[in-house]
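Examining the three-dimensional arrangement
What follows is each chain in one-letter form.
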Amino acid sequence: MSSIPEELSYTKEHEWVAGVDDGLTVTVGVTAFAAEQLGDVVFVQVPEVGTTVEAGDAVGEVESTKSVSDIYAPVGGEIVETNPAVVDDPSLVNSDPYGEGWLFRVRMEGEPEDLLSAAEYTTLTSGES
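As a starting point, this report considers the structure included with it. For every chain, the first residue of the written sequence is number 1, and numbering continues from 1 onward in sequence order. Since the coordinates come from a predicted model, pLDDT governs what is reported: local features require at least 70, and pairs of side-chain atoms require 80 or more to be given and counted, while whole-chain, interface and lining totals use all residues. Computation of side-chain values covers all heavy atoms of the structure but excludes hydrogens and water.

**What to know about the layout of surface pockets**
- Throughout, the protein atoms alone are placed on a 1 Å grid, and a set of points is a cavity if a 1.4 Å probe fits but cannot get out or a pocket if it is open with protein on both sides within 12 Å along at least five of seven lines; lining residues have an atom within 4 Å of a point. Grid points are joined across faces, edges and corners, and a volume is the space filled by probe spheres set on the points. If you add up the space inside the largest pocket, you get close to 360 Å³.
- If you trace the largest pocket, you find 23 residues lining it, with Ala55, Gly56, Ala73, Pro74 and Glu113 closest to the centre.
- Grouping the constituent residues of the lining of the largest pocket by class yields nine nonpolar, six polar and eight charged.
- Considering the residues around the second largest pocket, the lining is formed by Glu13, His14, Glu15, Val30, Ala34, Gln37, Leu38, Val62, Ser69, Asp70, Ile71 and Tyr72. In this classification, the charged set is Asp, Glu, Lys and Arg, the nonpolar set is Ala, Val, Leu, Ile, Met, Phe, Trp, Tyr, Cys and Pro, and all remaining amino acids, among them Gly, are polar.

**Examining helix α4 (residues 118-125)**
- Every buried residue belonging to α4 is among Ala118, Tyr121 and Thr125, and all of these are buried. Considered in projection along α4, the buried side chains sweep an arc of 60° and stay on one side of the axis.
- Starting at the N terminus, helices and strands are each numbered in turn, a helix being any DSSP run of H or I of at least four residues and a strand any DSSP run of E of at least two. Within two residues after α4, Gly127 carries a phi angle of roughly 90°, on the positive side. Buried means the residue's accessible area, taken with a 1.4 Å probe over protein chains only, is under 20% of the maximum for its type, while exposed means over 50%, and partly exposed covers the values in between. Arc definition: directions from the helix axis to the C-beta atoms.

**Quick look at the environment of Asp89**
- Topologically, Asp89 is positioned in the loop between α2 (84-88) and α3 (92-95).
- The class of Asp89 is partly exposed, set by a relative accessible area of 34%.
- Throughout this description, a polar contact denotes any pair of N or O atoms lying within 3.5 Å of each other; where both atoms belong to protein, one of them has to be capable of donating a hydrogen while the other can accept it, and for residues adjacent in sequence the pair is counted only when both atoms sit in side chains. In this structure the side chain of Asp89 is engaged in a polar contact, spanning 2.5 Å, whose partner is the side chain of Ser91.

**Side note on the packing of aromatic side chains**
- Aromatic rings from Phe, Tyr and Trp, with only the six-membered ring used for Trp, were paired whenever their centres fell within 6.5 Å, and each pair was classed as stacked if the ring planes differed by under 30 degrees, edge-to-face if by over 60, and tilted otherwise. Per the stated rule, a full pass over the model turns up two aromatic pairs.
- Centre to centre, the rings of Tyr10 and Tyr121 are 4.8 Å apart; their planes meet at 15°, and the pair counts as stacked. Residue Tyr10 is found in strand β1 (residues 9-10), and its partner Tyr121 is found in helix α4; the two are separated by 111 residues along the sequence.
- The exposure class of Tyr10 is buried, given its relative accessible area of 0%.
- Arranged with centres 6.0 Å apart and planes meeting at 50°, the rings of Trp16 and Tyr98 form a pair that is tilted. Of the two residues, Trp16 sits in strand β2 (residues 15-18) while Tyr98 sits in the loop between α3 and β9 (104-108), which places them 82 residues apart along the sequence.
- We call a charge positioned over a ring when the NZ of a Lys or the CZ of an Arg lies within 6 Å of the ring centre and within 35 degrees of the ring normal. One residue, Arg105, lies across the ring of Trp102, its end atom 4.0 Å from the ring centre.

**Structural notes on the pairing of strand β3 (residues 25-30)**
- Within β3, five of the six residues are buried, which leaves it mostly tucked inside the rest of the structure.
- At least two DSSP bridges between two strands are needed for those strands to be called paired. As defined by bridge partners, β2 adjoins β3 across four bridges and the pair is classed as antiparallel. Considered in β3, the bridge of Ala18 is made with Thr27.
- Relative to β9, β3 runs antiparallel, the two being bridged by four bridges. In the sheet register, Val28 faces β9, and the bridge partner there is Phe104.

Quick look at the structure:
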């Protein structure tokens with residue numbers, strides 16, 4: 001399995017979140033673990049810029065050769081940017097999930113809740129509880 005970057009936060013739904021510490025805008029993507037479970041990603045639907053989301057809302061989809069999975073907003077706020085490269089080339093979710101495969105950015109409102117550290121996410125994905 002791929003390494004889990006220490007500097008990111010994670011959700012139980014297998015999204016990663018970068019930039020939580022600055023308290024303003026965070027970047028969201030799908031974890032390498034999720035990408036491996038999905039298989040070859042062939043379609044990505046991201047939320048529209050300007051959309052207001054609540055933490056836990058389904059805001060998009062990732063479709064692979066195996067299944068379709070919802071993408072959930074890990075934090076509440078406004079969608080301020082989406083990644084056109086991943087819409088044009090969904091395989092970036094598989095090839096570079098923590099880099100070019102990012103999905104969208106959210107200007108946070110309030111403090112994020114229920115995010116996991118890298119160690120907690122490692123435990124979650126290793127089947128321990």
